[in-house]
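For reference, the chains in residue letters:
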2 protein chains.
Amino acid sequence: MQDLNPDMHPLDEATRLEPLGAGLYRGETSPAYANMVGPFGGVIAAKLLNAVLLHPERLGEPVAFTVNYAGPIADGEFTLEARAARTNRSTQHWLIELKQNGLLATTATGVTAKRRETWSALEARRPDVPPAGELRRFPSVGRPAWIERYDLRFVKGESDFSRTGVPSEDSESVLWARDDPPRPLDFVSLVALSDVFFPRLFVRRPVFVPIGTVSFTTYFHADSALLAANGDAPILGVARAQQFRNGYFDHSAELWGAHGALLATSHQIVYYKE
Amino acid sequence: MQDLNPDMHPLDEATRLEPLGAGLYRGETSPAYANMVGPFGGVIAAKLLNAVLLHPERLGEPVAFTVNYAGPIADGEFTLEARAARTNRSTQHWLIELKQNGLLATTATGVTAKRRETWSALEARRPDVPPAGELRRFPSVGRPAWIERYDLRFVKGESDFSRTGVPSEDSESVLWARDDPPRPLDFVSLVALSDVFFPRLFVRRPVFVPIGTVSFTTYFHADSALLAANGDAPILGVARAQQFRNGYFDHSAELWGAHGALLATSHQIVYYKE
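What counts, and where the lines are drawn
Residues numbered from 1 in each chain as written. Chains lettered and ligands numbered in written order. Predicted model: local features only at pLDDT ≥ 70, side-chain atom pairs only at ≥ 80, totals over all residues. Heavy atoms only, no water. Helix = DSSP H or I, 4+ residues; strand = E, 2+ residues; numbered from the N terminus. Buried < 20%, exposed > 50% of the residue type's maximum accessible area, 1.4 Å probe, protein only. Areas by Shrake-Rupley, 256 points an atom, 1.4 Å probe, with all protein chains shown as cover. Lys, Arg positive; Asp, Glu negative; His and termini not counted. Charge placed at Lys NZ, Arg CZ, Asp CG, Glu CD. Least-squares fit on C-alpha atoms with pLDDT ≥ 70 in both. Contact = heavy atoms within 4.5 Å. Buried area = accessible area lost by both parts, 1.4 Å probe. Salt bridge = Lys/Arg side-chain N within 4 Å of Asp/Glu carboxyl O. Polar contact = N/O pair within 3.5 Å; in protein donor to acceptor, adjacent residues only side chain to side chain. Nonpolar A, V, L, I, M, F, W, Y, C, P; charged D, E, K, R; others polar. Pairing = 2+ DSSP bridges. pLDDT = per-residue confidence, 0-100. Patch = residues over 30% accessible without salt bridge, like charges linked within 9 Å, V, L, I, M, F, W, Y side chains within 5 Å. Expected span 1.5 Å × (residues − 1).

What about the overall build of chain A?
A count of helices and strands for chain A gives six helices and 13 strands. C-alpha atoms of chain A, sized along the principal axes, occupy 50 × 45 × 40 Å. In chain A, which comprises 274 residues, the proportion classed as buried is 59%. Per element, the accessible surface of chain A, about 10800 Å² overall, is 50% carbon and sulfur. Averaging the coordinates of the 28 positive side-chain charges in chain A and doing the same for the 32 negative ones gives two points 5 Å apart.

Side note on the relation of the copies chain A and chain B
The two copies are related by a screw operation: chain A maps onto chain B through 180° of rotation and 0.0 Å of translation along the axis, at an RMSD of 0.0 Å. Look at the turn and shift together and you get a two-fold axis relating the two. Comparing interface residues between copies, 100% of those in chain A also sit at the interface in chain B, which points to an isologous, same-surface contact.

Some points on the interface of chain A and chain B
Contacts between chain A and chain B engage 66 residues on the former and 66 residues on the latter. Summed over both partners, the interface of chain A with chain B comes to about 5700 Å²; 52% of that surface belongs to carbon and sulfur atoms. When the buried area of chain A at its contact with chain B is split by residue, R86, W119 and E123 of chain A rank highest and sum to 13% of it. Along the contact surface separating chain A from chain B lie four salt bridges. Along the contact surface separating chain A from chain B lie 44 residue pairs in polar contact (both at pLDDT 80 or more). Looking at which element gives the most residues to the side of chain A that touches chain B, the answer is strand β6 (residues 103-113) of chain A, with seven residues. Its residues assigned to classes, the side of chain A that touches chain B shows 28 nonpolar, 22 polar and 16 charged. Across two bridges, the pairing between strand β11 (residues 235-245) of chain A and strand β7 (residues 121-122) of chain B is antiparallel.

Thoughts on the pattern of salt bridges
Residue and element names in this part refer to chain B. What the rule picks out here adds up to 28 salt bridges over all chains. Here D12 makes a salt bridge to R183, at a shortest N to O gap of 2.7 Å. With D12 in helix α1 (residues 10-14) and R183 in the loop between β9 (173-179) and α4 (187-193), the pair connects residues that are 171 residues apart, well separated along the chain. Overall, D12 belongs to the partly exposed group, its relative accessible area being 28%. E254 is the partner of R240 in a salt bridge, and the nearest nitrogen-oxygen pair spans 3.4 Å.

Regarding the confidence of the model for chain A
The pLDDT averaged across chain A works out to 95; a share of 96% of its residues lies at or above 70. Reported confidences for the modelled complex are a pTM of 0.97 and an ipTM of 0.96.

What about a nonpolar patch on the surface?
Residues and elements named next belong to chain A. The grouping of M36, V37 and F208 at the surface amounts to a nonpolar patch, some 340 Å² of accessible area in total. Along the chain, V37 turns up in the loop between β2 (24-28) and α2 (41-53). For V37, a relative accessible area of 75% corresponds to the exposed category.

Description of helix α2 (residues 41-53) of chain B
Look at α2 of chain B: 18 Å from first C-alpha to last across 13 residues, which is about the 18 Å you get at 1.5 Å a residue. Among the 13 residues of α2 of chain B, 13 are classified as buried, and the element is accordingly described as predominantly covered.

Below, the structure written as structure tokens:
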């Protein structure tokens, strides 16, 4: 696992898994996606999903994926086990566990499915926004490494980490996001991007407190062909909290492709200290 | 498991579990909550959550709960196993499996936590609606048994099962819901109520096709005291789809208490045939 390939995208490097047989893999955390403490949760989710994507028994493509961050992950190696809990004719249900030093650190459940064309309709509304090229890139200097791995351009709701800002009326953020360096969109990068939103608490209230995502769910509306059509263009993210209450807040997010398709919706619940 | 107690609420009867030791339980489906095919998914979710609530090692109260309907459940007995996958100082992560005839039918993951008072803020907006008493009860005659177990009063977005209706502009439903007979609100009834919304597809498009929830997640914003304060008053549900695409649609829902508190937010992804 130690050989780094200079031609490999950092996300592919970070989500690389060494198969140990029977749905078991070895992986390791990546300094390129380090967070303030431990790794960026979006890349952990991407590793867990990759354990399903690489599984020889996989049927179809991801439809739903839920990750539960059960405990801290330290820098270093871990093992992943992906198990097809039930395989039906067109759907398959997955259980995935990440262990480090024998201790369970993350669990996930996922559904993959063979899709076919049906009556379809979009109901969510994509906000009208200026193109990414007209917006300033969010500065990554002095921030955790993972933020450098994303080109983020805020239309509204930029997090204020300065501790000197003014509280916002609401927590909604609208931003363009893409991998840096650019990388063609796929399920691995999309699940990581669905956790790219800074904590809503820091948008709403510019006071730094310890926080951590507890559970996060992404529903994939796109298939691999629609993701591939996005190429490496930025996608548009929209996220808003519903409620902050007694140590936990939730948010709901939409991820829109460059051409206006709703690629995924994503929800999470986050612990905060005070 | 065969003795029915005439004084027991049908939901308590339906979610009754017989402990077999070490997080293992025996349960059975309830005719009172039968759906068109198999049992109402909300009551299956309530049974799975109850396996956590009854577990002697449980820490705190539910914060997040995800249920994956992996396969059909036939009328009759099943076993449930709830396992505390990781216990931290103030949070605990659960894995729950429902098996019938040795075959895995449903999986769930959950987070329970000890909460404490913090800065709190509500961001979602409760719609302005007439009180439940001013609205007509949704007729349950000729419908699956579980619909009789809920007093549902629609403000908007009533499902049209007649196959003769007119397509709607959007899929949003707003409705009052409570157990029938009335029952004080708790986590068991709230998780069932979070699946009480008819499929958004049938609101949007009055054409009957086979559908089935694949995965469903509820975030609990309320603790048991706030639920108890609701008593047996109806709660207000709001649900809307984001997208219907190639066999799957998602919806997001809010569950508001009688006194205006946001008790839970809930999301699901649903298979549909065409």
